[in-house]
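# Examining the three-dimensional arrangement
Residues per chain, in single letters:
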Amino acid sequence: MPKDTLSVIDNRTGKQYELPIESGTIRAVDLRQIKLGDGDQGLETYDPGFLNTAACRSAISFIDGDKGILRYRGYPIEQLAERSTFLETAYLLLNGELPSAAELDSWVFNITHHTIVHESIKKFIDGFHHDAHPMGMFVSTVAALSTFYPEAKHIQDETSRRNQIFRLIAKTPTLAAFAHRHSVGLPYAYPDNDLSYTGNFLNMMFKTTEVKYTPNKTLERALDVLLILHADHEQNCSTSAMRGVGSSHADPYSAMAAAAAALYGPLHGGANEEVLRTLREIGSKDRIPAYIDRVKRGEFRLFGFGHRIYKNYDPRATIIKRIAEEVFEVTGKNPLIDIAVELERIALQDDYFVSRKLYPNVDFYSGIIYEAMKFPIDMFPVLFAIGRTPGWLAQWQEMLLDKDQKIARPRQIYTGPDKRDYVAIENRG
Ligand code: SDX
C-alpha cells in the first residue's frame, strides 16, 4: 500500500525528507526541517494570493470548480435555492444542520426581534455626505455597532457569540436600508416585524407614505433566493478577512466591518456594480465585439466573468438567470439582460475566455435583477454583504472553535536593503 507521504530530496544537501500527506496537503511547517545547515530557519512556501494554500479546515461550504458544484453543509445550492429560505440557510450555515420547525421558529423570532438599531446609529448615517457610497456607510456602521455591544469582545462566550450573531444578521438589512434612505433623502423606514426578513428589508428600503408596506411576493421570494446564493463561498477574499481579523480575537462587528470592506472591492463583491456600468457603457449588442476586443487587449477586465475556483459555469449564475425571468414578469424586462446574454454568448466562443476558463460568475446577472427591482446600482455590493453575513459569521465561529487556528501572521520574502547606518540629514544626497 503506497504511503501517504511525499519524498523530497534537497539537492543542495542531498538529504531526503518524508513529508506526511493529509487531505491532499502537506503542512507548510513540515518544510522547516529542510535546511542548508545550522542557522538556516528552513524552507517556507511562497504563495501570493494564496492560489494553492489551504488556510484552514472548514465544514461549511464545498466548491468543485471544475464541475461547477457548490454545497452548503453538503446540501446542493440548487436544492436550497428551490426549497429553503435565507434565514433557514443561515441557520444551516451556523449550526451545521437544517433546523426543526421549533428551532426555525425560535431562530426567526430572535432575528426578527433584533432588527432595530440604536437611535444613535442614525447620527452616524446623517453625518455622511449626501452622495456617500452606501457600502462606505455600511462598513462604517457595522464597525460602529461594536461600540454599542462591548460584551461582544467576549468571543469565547457562546451566549455572547450567539447574541452578536442574532444582532448582525438582523441589523445588516436595517443598516443597509438606512444608508439607502440617507442617500436618496428619504426618512428612515423602521422595521416591521410582521414581515419576513426579506419582506422587511424591502419595507425599510421602499416604504413611502403608505401606512403599511406590502412587499410583492414574487420579488420578496426572488430576493430571498439571491441572499441564499450569496450566503457563503469557502475562503473567498472577504471571508479570509473575517477570519484574519477575527484571529486576533477582535469582536465580530470589527471583523465583519473588515470583511465588508474586502467585499467592496471591484474584483470581489463590488463586481456586480461594475457589471451594470459595463452593460450600460456597451449600450447595444452591436458594440459588444469592440468591447470584447478592448478586454482582450488588457485595457480592463470583463466584470462578472472569471473566478479563482470555478473553471466552469458558476452554479449561482445559472440560478440567477432563471430568477431574472421570474422578476421580469413583475417588473418588466430589463433590456440590459439581452446585452448580457449576447455578451456571454460571444465571450464563451472566444478563445481568450475559453482558454482561460472564464465563465460568468455570481455577479454577472445579479445586478440586472437588482436594477429591475429598483435597487440603486451602488446598493448592489451592500445586498451582497447582507447575503454573506451568515457565512462570514459561520466561518468566524468555526475559526474560533478550531484548535489548529492561531492569530494569522504570514511570513515574507525580504527584498529590502541589507543593514545600513543612519545618515544625518545634512549628509544626505
Ligand atoms: C466574487 O472567491 C470567491 O469565491 C468570490 C465570490 C464569492 O462568492 O465570494 O465568488 C464572489 O468575488 C466573484 C468574482 C467577482 N469579480 C469579478 O467579476 C471581477 C472580474 N474577474 C476577475 O478579476 C478575476 O477573474 C477574479 C478576480 C475573479 C479571479 O482572478 P484570479 O483567479 O486571480 O485570476 P487572474 O487574475 O490570475 O487571471 C487569470 C488570467 C489572466 O490573464 P493572463 O495573465 O493569463 O493573460 O485570466 C485573465 C487575467 O488577465 N482574467 C480576465 C478576467 N478574469 C481573469 N480577463 C478579462 N476579464 C476577466 N474578468
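As the structure is a prediction and not an experimental result, all values here were calculated from the model.

Bringing the site of the ligand into the picture now. Taken together, 23 residues form the shell around the ligand, and within it His233, Arg301, His307, Arg308 and Arg316 come nearest. Here a nitrogen atom of the ligand sits 2.9 Å away from a polar atom, N or O, in the main chain of Phe305. In this structure, an oxygen atom belonging to the ligand sits 2.6 Å away from a side-chain N or O atom of His307. The protein chains hide 74% of the 1,000 Å² of surface that the ligand would expose on its own. When the residues that make up the shell around the ligand are grouped by side-chain class, the tally is ten nonpolar, seven polar and six charged.

Right, let's talk about the packing of helix H12 (residues 288–296) against helix H14 (residues 336–347) for a bit. The geometry of H12 relative to H14 is characterised by a closest axis approach of 10 Å and an angle of 55° between their N-to-C directions. It follows from the interaxial angle that H12 and H14 lie oblique. Relative to H14, the crossing made by H12 is right-handed. Here Ile288, Pro289 and Ile292 of H12 come into contact with H14, specifically with Ile339, Glu342, Leu343, Ile346 and Ala347. Residues that form the contact of H12 with H14 fall into these classes: seven nonpolar, no polar and one charged.

A separate point is the side chain of Asn203. Here Asn203 shows up in helix H7 (residues 197–206). If we skip the residues at most four places from it in the chain, Asn203 touches Ala189, Tyr190, Pro191, Asp192, Leu195 and Tyr213.

Below, the discussion takes up the pairing of strand E4 (residues 69–72). Consecutive side chains of a regular strand alternate in pointing toward one face of the sheet and then the other. Side chains Leu70 and Tyr72 of E4 all project onto a buried face; the interleaved residues Ile69 and Arg71 project onto a face where none is buried. As defined by bridge partners, strand E3 (residues 61–64) adjoins E4 across four bridges and the pair is classed as antiparallel. Bridged to Ser61 within E4 is Tyr72. Hairpin geometry of E3 and E4 is characterised by an intervening segment of four residues between the two adjacent antiparallel strands and by a positive phi of about 65° at Gly68. In terms of strand pairing, E4 meets strand E5 (residues 75–76) through two bridges, oriented antiparallel. Looking at E5, one finds that Arg71 is bridged to Pro76. Between E4 and E5, which pair antiparallel in sequence order, lie two residues; one of them, Arg73, sits at a positive phi of approximately 50°.

Time to look at the side chain of Asp251. In this structure, Asp251 sits in the loop between helix H9 (237–246) and helix H10 (252–264). Look at Asp251: it is buried, it has no salt bridge, and the nearest opposite charge is Lys153 at 4.9 Å. One polar contact links the side chain of Asp251 to the main-chain amide nitrogen of Tyr253, over a distance of 2.8 Å.

Okay, the packing of H9 against helix H17 (residues 380–401) next. One can describe the packing of H9 onto H17 by two numbers: an axis separation of 9 Å at closest approach and a directional angle of 40°. As the angle between them shows, H9 and H17 are arranged oblique. The chirality of how H9 crosses H17 is right-handed. Residue-level inspection shows Ser238, Thr239, Met242, Arg243 and Gly246 of H9 in contact with H17, the latter providing Arg388, Trp392, Leu393, Gln395, Trp396, Glu398, Met399 and Leu400. When its residues are assigned to classes, the contact of H9 with H17 shows six nonpolar, four polar and three charged.

Describing an aromatic ring pair means giving the distance of the ring centres and the angle of the ring planes. Scanning the entire structure with this criterion turns up 17 aromatic pairs. A ring pair is formed by Phe124 and Phe148, whose centres lie 6.5 Å apart and whose planes are at 70°; its orientation type is edge-to-face. On the criterion of sequence distance, the pair formed by Phe124 in helix H4 (residues 120–126) and Phe148 in the loop between helix H5 (134–145) and helix H6 (158–183) is long-range, its members being 24 residues apart. Residue Phe124 is classed as partly exposed on the basis of its relative accessible area, which comes to 41%. What links up through ring pairs into an aromatic cluster is the set Phe201, Phe206, Tyr370, Phe375 and Phe380.

Turning to the sheet that holds E3, a few remarks are in order. Across the sheet, three strands lie side by side as E3-E4-E5; this open sheet has antiparallel pairing. In this open sheet, the two strands that pair with only one neighbour each are E3 and E5.

On to the environment of Asp293. Along the chain, Asp293 falls in helix H12. Taking relative accessible area as the criterion, Asp293 reaches 37% and is therefore assigned partly exposed.

Bringing a nonpolar patch on the surface into the picture now. Taken together, Leu6, Ile21 and Ile26 make up a surface patch of nonpolar side chains, about 200 Å² in accessible area. Within the secondary structure layout, Leu6 lies in strand E1 (residues 5–10). For Leu6, a relative accessible area of 36% corresponds to the partly exposed category.

Right, let's talk about the domain arrangement of the protein for a bit. You'll often see interface size given as the accessible area lost when the parts meet. Each assigned domain of the protein is listed with its residue range as follows: domain 1 (70–269 + 388–401) and domain 2 (271–372). When each unit is reduced to the centre of its C-alpha atoms, the spacing between domain 1 and domain 2 is 26 Å. Taken together, the contact between domain 1 and domain 2 spans 21 residues of the former and 22 residues of the latter. Across the domain 1 to domain 2 interface the summed buried area is about 1,700 Å²; carbon plus sulfur atoms make up 67%. For domain 1, the biggest contributors to the area lost against domain 2 are Leu226, Leu229 and His233; these three give 26% of the whole. Where domain 1 packs against domain 2, one counts zero salt bridges. One can count five residue pairs in polar contact (both at pLDDT 80 or more) joining domain 1 with domain 2.

Calculation criteria
- Residues numbered from 1 in each chain as written.
- Predicted model: local features only at pLDDT ≥ 70, side-chain atom pairs only at ≥ 80, totals over all residues.
- Heavy atoms only, no water.
- Near = heavy atom within 4 Å.
- Polar contact = N/O pair within 3.5 Å; in protein donor to acceptor, adjacent residues only side chain to side chain.
- Areas by Shrake-Rupley, 256 points an atom, 1.4 Å probe, with all protein chains shown as cover.
- Nonpolar A, V, L, I, M, F, W, Y, C, P; charged D, E, K, R; others polar.
- Axes fitted to C-alpha atoms, helices over the stretch in contact; angles between N-to-C directions.
- Helix = DSSP H or I, 4+ residues; strand = E, 2+ residues; numbered from the N terminus.
- Parallel < 35°, antiparallel > 145°, perpendicular 65-115°, else oblique.
- Left-handed = near helix turned anticlockwise from the far one by under 90°.
- Contact = heavy atoms within 4.5 Å.
- Buried < 20%, exposed > 50% of the residue type's maximum accessible area, 1.4 Å probe, protein only.
- Pairing = 2+ DSSP bridges.
- Lys, Arg positive; Asp, Glu negative; His and termini not counted.
- Salt bridge = Lys/Arg side-chain N within 4 Å of Asp/Glu carboxyl O.
- Phe/Tyr/Trp six-rings, centres within 6.5 Å; stacked < 30°, edge-to-face > 60°.
- Patch = residues over 30% accessible without salt bridge, like charges linked within 9 Å, V, L, I, M, F, W, Y side chains within 5 Å.
- Domains from an automatic or database assignment.
- Buried area = accessible area lost by both parts, 1.4 Å probe.

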